[in-house]
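A look at the structure
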Amino acid sequence: MTSALLTDQYELTMVDAALKDGTADRRCVFEVFTRRLPDGRRYGVAAGLGRFLTALTDFRFGDEEIGFLRDRGVIDSGTASWLADYRFTGDVRAYREGEVFFPNSPVLQIEGTFAEAVVLETLALSVFNADSAIASAAARMVSAADHRPLAEMGSRRTGEWNAVAAARAAYIAGFGATSNLEAGRTWGIPTMGTAAHAFTLLHDSEEAAFRSQLDALGDGTTLLVDTYDIEAAVDTAVRLTDGKLGAVRIDSGDLPSVVASVRAQLDRLGATSTKITVTNDLDEYTIAALRAAPVDSYGVGTSVVSGSGHPAAGMVFKLVAHHSPAGEWVSVAKKSADKASIGGRKDAGRRLRNGIATAEVVRTTGTVGPDERALMVPVVTHGEVDPAFLGTRGVEAARAHHKGAKAELPADASRIGRGDPAIPTLIV
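Remember, it's a predicted structure, so these values are computed and weren't measured experimentally.

**Focus on the overall build of the chain**
- Along its length, the chain carries 15 helices and 19 strands.
- Projected onto the principal axes, the alpha-carbon positions of the chain cover approximately 80 × 55 × 35 Å.
- The buried share of the chain, taken over its 428 residues, is 52%.
- In the chain, of all internal contacts separated by at least 6 residues, the share reaching a separation of at least 24 is 73%.
- When the accessible surface of the chain is summed, it comes to about 18700 Å², and 52% of that surface belongs to carbon and sulfur atoms.
- If you average the places of the 45 positive and of the 54 negative side-chain charges in the chain, the two averages end up 6 Å apart.

The structure is reproduced here in structure tokens:
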């Protein structure tokens with residue numbers, strides 16, 4: 001299936017006009033970055049690179065797509081012929097997936113002709129804005145959980161394919177599992193899930209429902225104990241498993257007090273190894289509030305798939321340099337109020353002191369300094385995508401890279417309260 005029409009019309013009308021005026025083949029550099037982080041966020045997490053590169057390989061205009069564009073009057077016959085032969089032949093450099101970013105970090109850099117690069121704007125932004133927003137929120141939740149496992153379970157709170165992408169982004173940022181089976185199949189993410197309240201309500205008694213689930217899944221399963229009376233349900237669960245139940249799930253109530261009461265009850269009944277998992281509209285703030293409670297794991301839905309109040313990362317796609325008619329590079333930038341950009345092809349490094357980040361250094365000239373970790377790597381060369389960033393292999397590499405990049409941040413970067421970016425961005 002082609003990804004070519006996952007785009008805005010003005011990109012193709014620009015190509016159409018550029019082909020007519022002779023600027024379509026002018027060499028250009030476009031960059032994706034955010035001018036600012038969402039209010040109160042201390043860093044962002046770059047996610048979506050693997051999905052973007054996969055979509056780039058499928059970015060082709062077939063007869064059906066060209067026919068649609070011709071019928072709508074979007075393009076003429078000359079542009080139709082150009083699109084029929086479209087293959088991206090340029091270069092792409094990027095922050096590794098899972099890397100943390102800050103205002104003006106050049107997360108993605110695309111170099112090619114104007115025409116072949118500009119048509120990728122919407123594709124790049126739709127992937128990076130959504131995935132980075134989710135990964136950024138997920139990373140905050142991982143910090144709030146303080147080493148306790150989190151599972152993503154927000155499929156019912158977003159679009160069906162958005163759910164698959166959301167599970168991927170959350171996993172890269174440190175979540176351990178997802179409830180979404182397609183995400184498990186496509187991206188190799190561990191999957192989890194047992195039963196909902198409907199299963200308990202289906203049976204003639206809660207005990208009958210528990211017996212059925214235990215027969216099917218074994219004593220190591222997780223029983224949902226808040227359909228009727230939590231205390232009675234815990235008693236029943238422990239009795240049926242001789243205290244060997246894997247876990248109980250709590251999905252309602254005043255969680256700190258309910259969790260404390262359930263933990264005390266389990267211990268009193270001898271089920272000291274039975275764990276407690278909580279769900280119930282969690283976000284990073286409620287997870288942080290539960291840090292002192294005897295919670296063993298969390299299931300997060302709406303807040304993670306929606307970016308916890310910030311569904312887009314605020315990324316933009318801007319032309320920063322192009323060839324002059326003489327073939328020399330010309331730096332270009334917007335001067336609009338509150339939307340100014342910085343011209344010139346960028347390189348970026350993270351300045352470190354004793355392994356801890358002190359600044360994001362973005363250069364328009366020169367190379368990364370000796371006290372900096374280089375942030376940008378080639379991911380597409382002359383149109384050829386590096387397979388190391390694709391598929392399940394790419395996801396696992398991104399997850400590992402994120403863990404290392406996050407460990408470089410100052411200790412207060414993980415603070416959930418409001419604050420400025422964890423390190424400054426220096427434009428050199």
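Structure shown, so let's carry the discussion forward.
**Here's the deal with the sheet that holds strand β6 (residues 150–152)**
- Strand order across the open sheet formed by six strands is β7-β6-β11-β10-β9-β8, with parallel pairing between neighbours. Because the sheet does not close on itself, it has two edges, and the strands there are β7 (177–178) and β8 (222–224).
- Relative to β7, β6 runs parallel, the two sharing two bridges. Within β7, the position partnered with A151 by the bridge is A177.

**Regarding the packing of aromatic side chains**
- Under the definition given, this model contains seven aromatic pairs.
- Measuring from ring centre to ring centre gives 6.2 Å for F61 and Y86, while their planes differ by 90°; the resulting arrangement is edge-to-face. With F61 in the loop between α2 (49–57) and α3 (63–71) and Y86 in the loop between α4 (77–84) and β3 (91–95), the pair connects residues that are 25 residues apart, well separated along the chain. We note that F61, like Y86, is buried.
- Linked through ring pairs, F59, F61, W82 and Y86 together constitute an aromatic cluster.
- The ring of W329 has R345 sitting right over it, with the charged end atom 4.9 Å from the ring centre.
- If you follow R399 out to its NZ or CZ, it ends over the ring of Y171, 4.1 Å from the centre.

**Thoughts on the packing of helix α11 (residues 230–241) against helix α12 (residues 255–268)**
- Where α11 contacts α12, the two axes come as close as 10 Å, and the packing angle between them is 30°. Of the two possible hands of crossing, α11 and α12 adopt the one that is right-handed. For the pair α11 and α12, the contacting residues are I230, E231, V234, D235 and V238 in the first and V258, V262, Q265 and L266 in the second.
- Looking at the contact of α11 with α12, its residues break down into six nonpolar, one polar and two charged.

**Let's talk about the pairing of strand β15 (residues 356–363)**
- With six of its eight residues buried, β15 lies for the most part within the structure.
- Of the pairings in the sheet, the one linking strand β14 (residues 347–353) to β15 comprises seven bridges and is antiparallel in character. Its bridge partner lying in β15, R350 is registered against E360.
- Hairpin connection between β14 and β15: a loop of two residues separates the two successive antiparallel strands, and N354 in this loop has a positive phi of roughly 55°.
- Inspection of the sheet shows β15 paired to strand β19 (residues 425–427) by three bridges, in the parallel sense. Pairing of V362 across the sheet is with I427, part of β19.

**Here's the deal with the sheet that holds β14**
- Strand order in the open sheet made by the four strands is β16-β14-β15-β19, with mixed pairing throughout. For this open sheet the edge positions go to β16 (372–374) and β19, each flanked by a neighbour on one side alone. Ignoring which end each strand starts from, the neighbouring axes of this sheet average 30° apart.

**A look at helix α6 (residues 121–145)**
- When the terminal C-alpha atoms of α6 are compared, their 36 Å separation across 25 residues agrees well with the 36 Å that a helix rising 1.5 Å per residue should span.
- Across the 25 residues that make up α6, a large majority, 22, are buried.
- Once α6 ends, the next one or two residues include D146, with phi positive near 55°.

**Points about the side chain of Q109**
- Looking at where Q109 falls in the secondary structure, it is placed in strand β5 (residues 108–113).
- A relative accessible area of 3% means that Q109 is categorised as buried.
- Side-chain polar atoms of Q109 contact the backbone oxygen of K346, separated by 2.9 Å.
- Residues contacting Q109, with those up to four places away along its chain left out, are V29, F30, E31, D91, V92, R93, R345, K346 and M376.

**Some points on the environment of D21**
- By secondary structure assignment, the location of D21 is in helix α1 (residues 9–21).
- For D21, a relative accessible area of 52% corresponds to the exposed category.
- Engagement of the side chain of D21 in a polar contact is seen with the side chain of T23, the distance being 2.6 Å.

**Some details on the pattern of salt bridges**
- Tallying each qualifying case throughout the model produces 23 salt bridges.
- Salt-bridge contacts for K20 lead to D76; the nearest nitrogen and oxygen are separated by 2.6 Å. Placement of K20 in helix α1 and of D76 in the loop between α3 and α4 is noted, with a sequence separation of 56 residues between them.
- Between E284 and R140 there is a salt bridge whose closest N-O contact spans 2.9 Å. Note that E284 is positioned in helix α13 (residues 284–289) and R140 in helix α6, a separation of 144 residues in sequence.
- Look at R140 and you get buried, because its relative accessible area is 6%.
- Residues participating in the shared-partner salt-bridge network are E99, R350, E360, R373 and E408.

Definitions and cut-offs
Residues numbered from 1 in each chain as written. Predicted model: local features only at pLDDT ≥ 70, side-chain atom pairs only at ≥ 80, totals over all residues. Heavy atoms only, no water. Helix = DSSP H or I, 4+ residues; strand = E, 2+ residues; numbered from the N terminus. Buried < 20%, exposed > 50% of the residue type's maximum accessible area, 1.4 Å probe, protein only. Contact = heavy atoms within 4.5 Å. Areas by Shrake-Rupley, 256 points an atom, 1.4 Å probe, with all protein chains shown as cover. Lys, Arg positive; Asp, Glu negative; His and termini not counted. Charge placed at Lys NZ, Arg CZ, Asp CG, Glu CD. Pairing = 2+ DSSP bridges. Phe/Tyr/Trp six-rings, centres within 6.5 Å; stacked < 30°, edge-to-face > 60°. Lys NZ or Arg CZ within 6 Å of the ring centre and 35° of its normal. Axes fitted to C-alpha atoms, helices over the stretch in contact; angles between N-to-C directions. Left-handed = near helix turned anticlockwise from the far one by under 90°. Nonpolar A, V, L, I, M, F, W, Y, C, P; charged D, E, K, R; others polar. Expected span 1.5 Å × (residues − 1). Polar contact = N/O pair within 3.5 Å; in protein donor to acceptor, adjacent residues only side chain to side chain. Salt bridge = Lys/Arg side-chain N within 4 Å of Asp/Glu carboxyl O.

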